[in-house]
Amino acid sequence: KIVWELSRHQHFVVLAQAYRLTGRREFLRALERQWLHWIGANPYQRGIHWASALEVGFRALAWIWALHLCGAELPRAPIVDALGRHGCYLEHNLSFYFSPNTHLLGEAVALHAIGAVLANEKRAARWRDLGAGVVRAQLERQVRPDGGHFEQSTYYHLYALDFFLLHYLLAGRPAAMRPALERMA
């Protein structure tokens, strides 16, 4: 778990924010160095960092935020290529059979986000459609009519609401999602 936490790369977002807010290039250099090192040290589908689709999804979302904040300043080709591999992995490893609830939701949101960010990638439309379809199905499955999350846990309720809201924004604010999100909020 400790190894997985580190490879979620949530600190990439902090480094990207620090660079955007201060203009200090050492933050950008640290981000680039760590990112490229991780890509080189963790070949696609080999090792512990490719064992959990949810962990792949968390990492992909952190990468997307870091790219959003300072992508023009980074060597995009290796990063975008690696992000595309994350999309391929998620497409074929969604948790339909193991923990098909909060894990599946996080993975589907990440898959849709990758498809949205890598719009020119040949698989992007499939990733967006598959991710969005799973998110819509999970909204119906996981959210009760009163807006409560079916696991009856405040942690999972907030987790699910965060993911549904991120998807809602990335998907262009689909009107069909709004009533359930308002009840959840």
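Computed from a prediction, not measured in an experiment: that's the story for all the values here. (Residues numbered from 1 in each chain as written. Predicted model: local features only at pLDDT ≥ 70, side-chain atom pairs only at ≥ 80, totals over all residues. Heavy atoms only, no water.)

Caption draft 1: Summary view of the nonpolar core. Leu-31, Trp-35, Trp-63, Leu-83, Ile-114 and Phe-164 are the most contacted members of the largest nonpolar core, which has 54 residues in total. Looking at this core, the elements with two or more residues in it are helix 2 (10-22), helix 3 (25-41), helix 4 (53-70), helix 5 (76-93), helix 6 (102-117), helix 7 (124-142), helix 8 (154-170) and helix 9 (178-184). It is helix 4 that provides the largest number of residues to this core, a total of eleven residues. Every residue in contact with Leu-31, bar those within four places of it in the chain, is listed here: Phe-12, Leu-15, Ala-16, Ala-66, Cys-70 and Leu-74. (Core = buried A, V, L, I, M, F, W, Y, C linked by side-chain atoms within 4.5 Å. Buried < 20%, exposed > 50% of the residue type's maximum accessible area, 1.4 Å probe, protein only. Helix = DSSP H or I, 4+ residues; strand = E, 2+ residues; numbered from the N terminus. Contact = heavy atoms within 4.5 Å.)

Caption draft 2: Structural view of the packing of aromatic side chains. Evaluation of the coordinates by the stated rule reveals eleven aromatic pairs. Geometrically, the ring pair formed by Trp-38 and Trp-50 is tilted, given 6.3 Å between the ring centres and 50 degrees between the ring planes. With Trp-38 in helix 3 and Trp-50 in the loop between helix 3 and helix 4, the pair connects residues that are twelve residues apart, well separated along the chain. The burial state of Trp-38 is the same as that of Trp-50; both residues are buried. Three or more aromatic residues joined by ring pairs make a cluster, and in this case those are Phe-12, Trp-35, Trp-38, Tyr-44, Trp-50, Trp-63 and Tyr-89. In this structure, Arg-59 packs its charged tip against the face of Trp-50, placed 5.4 Å from the ring centre. (Phe/Tyr/Trp six-rings, centres within 6.5 Å; stacked < 30°, edge-to-face > 60°. Lys NZ or Arg CZ within 6 Å of the ring centre and 35° of its normal.)

Caption draft 3: The arrangement of the pattern of salt bridges in detail. Under the criterion given, the structure shown has eight salt bridges. The partner of Arg-24 in a salt bridge is Glu-26, and the shortest N-O contact between them spans 2.6 Å. Classification of Glu-26 as partly exposed rests on a relative accessible area of 34%. Residues Glu-121 and Arg-123 are paired through a salt bridge, measuring 3.0 Å at the closest nitrogen-oxygen approach. The class for Glu-121 is partly exposed, based on a relative accessible area of 25%. Each of Glu-5, Arg-8 and Glu-55 takes part in salt bridges that share partners, so that together they form one network. (Salt bridge = Lys/Arg side-chain N within 4 Å of Asp/Glu carboxyl O.)

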